[in-house]
Amino acid sequence: MTKKIAVFPGDGIGIEIVAEAVKVIECLQQEFGLDVEIEEGLIGGAAYDETGSPLPEASLDLARASDAILLGAVGGYKWESLDISVRPEKGLLGLRSELSLFANLRPAILYPQLAHASTLKEEVVSGLDLMIVRELTGGIYFGQPRGIRTLDTQINGKPERQGFNTLVYSESEIERIAHVAFKTAQKRDKRVCSVDKANVLECTELWREVMERVGKEYPDVELSHMYVDNAAMQLVKAPKQFDVMVTTNMFGDILSDCAAMLTGSIGMLPSASLDQNSKGMYEPIHGSAPDIAGQNKANPVATILSVSMMLRHSLAEAGLADKIDQAVAMVLDNGGRTIDIYTEGTRQLSTSEMGDEIVSALKSLNV
Ligand code: NAD
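Along each chain, numbering runs from 1 in the same order as the chain's sequence is written. With the structure being a predicted model, the display of local features is reserved for residues of pLDDT at least 70 and the display and counting of side-chain atom pairs for 80 or more, all residues being used for whole-chain, interface and lining totals. As a convention, hydrogens and water are excluded, and side-chain values are obtained from all of the structure's heavy atoms.

(A) Structural detail: the domain arrangement of the chain. Split by domain assignment, the chain resolves into domain 1 (1–102 + 275–367) and domain 2 (106–135 + 173–267). Throughout the structure description, domain borders are defined by an automatic or database domain assignment. The gap between the C-alpha centroids of domain 1 and domain 2 is 24 Å. A contact between two residues is defined here by any heavy atoms of the two lying within 4.5 Å. The interface is formed by 17 residues belonging to domain 1 together with 15 residues belonging to domain 2. Taking both partners together, domain 1 and domain 2 bury about 1500 Å²; carbon and sulfur atoms supply 64% of that area. Accessible-area loss on putting two parts together, using a 1.4 Å probe and summing over both, is the definition of buried area adopted here. If you sort the residues of domain 1 by the area they bury against domain 2, F102, I285 and L332 come out on top, with a joint share of 42%. Salt bridge, as used here: a side-chain nitrogen of Lys or Arg that lies within 4 Å of a carboxyl oxygen of Asp or Glu. The interface formed by domain 1 and domain 2 contains zero salt bridges. Counting of polar contacts relies on pairs of N or O atoms within 3.5 Å, with two restrictions inside protein: one atom must be capable of donating a hydrogen and the other of accepting it, and residues adjacent in sequence are counted only when both atoms are side-chain atoms. Our count for the domain 1 to domain 2 interface comes out at five residue pairs in polar contact (both at pLDDT 80 or more). For the side of domain 1 that touches domain 2, the secondary structure elements donating two or more residues are helix 10 (301–313) and helix 11 (318–333). Of the residues belonging to the side of domain 1 that touches domain 2, the class tally is 10 nonpolar, four polar and three charged. Numbering of helices and strands runs from the N terminus; a helix is a DSSP stretch of H or I covering at least four residues, while a strand is a stretch of E covering at least two. Only Asp, Glu, Lys and Arg are considered charged in this grouping, and only Ala, Val, Leu, Ile, Met, Phe, Trp, Tyr, Cys and Pro are considered nonpolar; every other residue, Gly among them, is considered polar.

Have a look at this one:
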């Protein structure tokens, strides 16, 4: 049966990089018989400009009716002064929570061709291949109560205010992300490191207890625990010790950006956000890069690799996912580089040239 992919280019470089990813999907349709249809929708600032909402009902309906979603990026200078309730980013958060995309998978893979682009020594990062599984719809970003309240005390002659957020996780929320982490590890090196702050926060004491409990259902996977401060240090000191890291929404937000930078460029890393039934939204980890938008300079590889993750996790087409990964590696081997990963002796490509070279490499694999 024909599967449906909703495509939301969004804002800034989102438009340019998604165009390249769509070329790749079209190549898979034409050359490899991939049975999908693509429908484009509005999100973020572009949607706000057109409809007054960063996530119009029509986009939500399209996302709900699709088997998978490909998203570019949202946001930009133009919308920064808008009220927070209609900012472009709200569209993205709305999509994640409306579709219950609770599991965020962020691989951090260092391509051997780019080993020198990392800020860490080559021997520390070469061969790096870790997966961060971040809980995405719970924790302190969503917990109630939250807000800013006025106290009875005074500061600088004025009533003092107090900001507060709440870290909450129910056992079922922890269980479902634990299952995703263990199942992911089963397909990899069979090691899960759960990251928490169980020595200080009761909520993550429960997190640790539930991880242990769920871990017993996966005897083939080795489970370890690490406090988040140590995990941050270990990521920089010896990142290759990790296979799968599973953690809360906020810790995952911070650690995954840290892990991403070990690999040299933010323009290379894809992500998947999955629901209970492996329906997913796929997007590069970077933003809309307004500083380079509209210049045909952005690196489309993270978005193209997001298509690879989509084929693997939502469309049951792991073979085609491997082909995309191979095509990207071939272009890197041939010295093709966008400006963010360019070094002397390589060939500088524009966004569209990079997309074209990956499509050509893909076609050459159809033998
Ligand atoms: P950013 O990721 O957009 O850019 C950070 C830096 O990385 C910039 O110098 C940019 O030029 C560069 N960069 C990013 N992607 C690149 C690519 N594919 N190729 C080459 N270089 C690339 O982060 P920012 O500047 O903090 O945010 C810009 C806007 O994006 C803001 O409005 C922010 O809210 C939004 N944002 C959106 C998302 C998302 O849509 N998922 C994520 C993060 C930030």
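(B) Representation of a nonpolar patch on the surface. A surface patch of nonpolar side chains, about 340 Å² in accessible area, is lined by Y141, F142, M250 and I254. Mapped onto the elements of the fold, I254 is located in helix 9 (residues 249–262). Think of a patch as exposed residues, more than 30% relative accessible area, with no salt bridge, where like charges cluster within 9 Å and nonpolar side chains (Val, Leu, Ile, Met, Phe, Trp, Tyr) cluster within 5 Å. With residues, only the protein chains shown are counted as cover, and all accessible areas are computed by Shrake-Rupley using a 1.4 Å probe.

(C) View of the site of the ligand. If you check the shell around the ligand, you find 20 residues, and the closest are V74, E89, G287, A289 and D291. Within the backbone of V74, one N or O atom sits 2.9 Å away from an oxygen atom of the ligand. With respect to the ligand, the backbone of N299 contributes an N or O atom lying 2.9 Å from a nitrogen atom. Protein coverage of the free-state accessible area of the ligand, which is 800 Å², stands at 68%. Considered class by class, the residues forming the shell around the ligand number nine nonpolar, seven polar and four charged. For each residue, the test is whether any non-hydrogen atom lies within 4 Å of the molecule or strand; if one does, the residue is near.

(D) Looking closely at empty space enclosed by the protein. Points on a 1 Å grid, built from protein atoms alone, make a cavity when a 1.4 Å probe fits but cannot get out and make a pocket when they are open with protein on both sides within 12 Å along at least 5 of 7 lines; residues with an atom within 4 Å of a point are the lining residues. Grid points are joined across faces, edges and corners, and a volume is the space filled by probe spheres set on the points. What the rule picks out here adds up to one cavity of 30 Å³ or more. In this model, the largest cavity occupies a volume close to 50 Å³. Together, R106, P107, A108, L130, I132, S256, A259, A260, L269, P270 and I285 line the largest cavity. Elements supplying a minimum of two residues to the lining of the largest cavity: strand 4 (103–109), strand 5 (129–135) and helix 9. When grouped by side-chain class, the residues that make up the lining of the largest cavity number nine nonpolar, one polar and one charged.

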